[in-house]
Amino acid sequence: MKKKKWSDSIQKFGRTLLLPIGVLAPVGMILGISGALVQPYMIERFAFLGNDAVNTTLTSIRTIASAIFNNIPLLFAMGVAYGMSKRDKGISVFAATVGYLTLIITMNVWLTVTGKMADPEVMTQFGQINVLGMQTMNISAAGGILTGLIAAWATDRFYNLELPTAFAFFSGKKSVPIITIGIMIGAGFILPFIWSFFVGLLMHLSVVFLSSMGPFFTAAGERLFIPFGLHHVWNVLFRFTEAGGSYVINGETYVGVVPAMTEVLFNQGPNSEYWGLMPKLSRFMAQQQMLVTLFLFPAIAAAMYKASHKENRAVVKSMLITMVLTAILGNVTEPLEFTFVFLAPLLYIVYACIVGIGAVLLSFAGVAIGYIRGTIFDFAIFGLLYERSNWIFLVLIGTILAVITYFIFYWAIIKFDIKTPGREEQQNLDNTLIREKRYGEIAEILIQALGGKANITNVDNCITRLRIDLADVSAVNKDELQTSGCTGFFFPSAKHIHIVYGPQVEFVKNAVDEKLR
């Protein structure tokens, strides 16, 4: 039981990271566009970009958007608190915000009292940073995540705290941020002592990540963690901590791949001496995902279509095209991956290894395409618009691996009679309800199929899946569930079901919540 609770908590933690990461991705695209268009070589190509009004507008947009990236730890504090708390999420986010402010100012006090406050000009060399106007220890996103976890715990634990009459005003919800502040003061004085040891452990892990074969482990690992919902935890490890390395750029030290890439990509530019770092940074980022969404996915879909029964191909084609476009345009890969990961786990492992090998080849070829997402838009912005991105090698390597992947999948599907879409006699390929956005009807069917309101104990969602806790799984009507417009479902644990609806899952979840009230 304890092992299950721990596993569920880790999965839930992984889902909470989607909120801050979901903000970083589109803002990163805005930074990418504005950053590319103010580069000197772009102004040389397109004279109108040198116009004062145009240039000022683009520079202003970049400055405004950069405020998000300058406060990544705070985003994680709020996002984790919101996702992990079970009670009043608003109070949890508020507690996380004041808790994080308390943490950074407490570490500022510690640096002052101990005489370790570095001169602002060289503070990054001593592991210090300026956050919200306060010079403090650079604990990056980890500090925000820790604060968010503490705030969520305090919310669930002390939400209904009753105090003696003399202190009754501070009871209940008001006690949560107060308690969080107290805990974060203690954390602020303790963290500087243990942070150096923690950094040392991550530096040892970075030896693996930063090796020539590092991209294989990061790329293949992400694919393998997706079915368990842990890929976000895996990515954050090297994107925002010392496991991804520390980089000195223009005299400042950046911890993790994303902060360093943000500086090189959006501020330094292709003509900078630091652009040489880009292949070392981008090898862990979007180009791995572009390999999947732009090349491997169309190949896998083509193999599934070719292997499907002829009488099913019209419906299968529509579904597969939708899944591929969802990945290409929206960076959402689960719908297609879930069509074979549980039916053919060994094939999925082979697929993950192909992605890993491709990531290594991209690294050796010096491809330098940022940022976080792997959509066609990101390829156009960070690949085609930026000079010295070596995007042509992504096309060449991706095309070769796509051909190989097509034949491997087609052979495996036929050889082992894998029941991919279109190969079952009776299957749920009709997603009319989702396509027509009839979320209310979906919710009604779903609740009834799951045994009614009384059988549903908790409803949550990630990017593509509903994650529902049930009192009794034997009450689930699987045939009726298939009529709800889902593309699949499975039971990862005894009283838990995952139902795949694709990128519209949040609207399905909202409709279910409305019906359950």
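K.L.:
Help me out: how do you make sense of the side chain of arginine 223 in this one?
P.N.:
One can find arginine 223 in helix α9 (residues 214-225). Residue arginine 223 is classed as buried on the basis of its relative accessible area, which comes to 1%. A distance of 3.1 Å separates polar atoms of two side chains, one belonging to arginine 223 and the other to threonine 333. Excluding anything up to four places from it in sequence, arginine 223 contacts Gln289, Val292, Thr333, Glu337, Tyr348, Tyr351, Ala352 and Val355.

K.L.:
Honestly, the pattern of salt bridges in this entry has me stumped. Any pointers?
P.N.:
Should the charged atoms of two oppositely charged side chains come close, the side chains can pair. Enumeration over the complete set of coordinates arrives at eight salt bridges. Of the charged contacts, one joins glutamate 222 and arginine 223 as a salt bridge, the two residues approaching to 3.9 Å between their closest N and O atoms. Judged by relative accessible area, which is 11%, glutamate 222 ranks as buried. For arginine 517, the salt bridge goes to glutamate 514, with nearest N and O atoms at 2.8 Å. As far as burial versus exposure is concerned, arginine 517 and glutamate 514 are alike and both exposed. Residues participating in the shared-partner salt-bridge network are Glu222, Arg223 and Glu337.

K.L.:
What's the story with the nonpolar core in this structure? I'm lost.
P.N.:
Across soluble globular proteins, nonpolar side chains have a tendency to be buried as a group. Membership of the largest hydrophobic core comes to 90 residues, with the highest contact counts inside it found for Leu265, Tyr351 and Tyr371. In terms of residue count, helix α13 (residues 286-307) provides more of this core than any other element does, 14 residues in total. Apart from the residues within four sequence positions on either side, leucine 265 is in contact with Trp275, Met278, Gly370, Tyr371, Phe382 and Tyr386. Formed by 25 residues, the second largest nonpolar core is a distinct cluster that contains Ile91, Ile104, Val131 and Met137.

K.L.:
What exactly am I supposed to notice about the packing of α13 against helix α16 (residues 345-364) here?
P.N.:
For any two helices packed against each other, the geometry comes down to the angle between their axes and how far apart the axes lie. The geometry of α13 relative to α16 is characterised by a closest axis approach of 10 Å and an angle of 130 degrees between their N-to-C directions. Judged on the interaxial angle alone, α16 and α13 are oblique. Seen from above, α13 lies across α16 with right-handed handedness. Here Gln287, Gln288, Leu291, Val292, Leu296, Phe297 and Ile300 of α13 lie close against α16, whose contacting residues are Tyr351, Ile354, Val355, Gly358, Ala359 and Leu362. Here the contact of α13 with α16 is built from residues that sort into ten nonpolar, three polar and no charged.

Reading the values: the criteria
- Residues numbered from 1 in each chain as written.
- Predicted model: local features only at pLDDT ≥ 70, side-chain atom pairs only at ≥ 80, totals over all residues.
- Heavy atoms only, no water.
- Helix = DSSP H or I, 4+ residues; strand = E, 2+ residues; numbered from the N terminus.
- Buried < 20%, exposed > 50% of the residue type's maximum accessible area, 1.4 Å probe, protein only.
- Polar contact = N/O pair within 3.5 Å; in protein donor to acceptor, adjacent residues only side chain to side chain.
- Contact = heavy atoms within 4.5 Å.
- Salt bridge = Lys/Arg side-chain N within 4 Å of Asp/Glu carboxyl O.
- Core = buried A, V, L, I, M, F, W, Y, C linked by side-chain atoms within 4.5 Å.
- Axes fitted to C-alpha atoms, helices over the stretch in contact; angles between N-to-C directions.
- Parallel < 35°, antiparallel > 145°, perpendicular 65-115°, else oblique.
- Left-handed = near helix turned anticlockwise from the far one by under 90°.
- Nonpolar A, V, L, I, M, F, W, Y, C, P; charged D, E, K, R; others polar.

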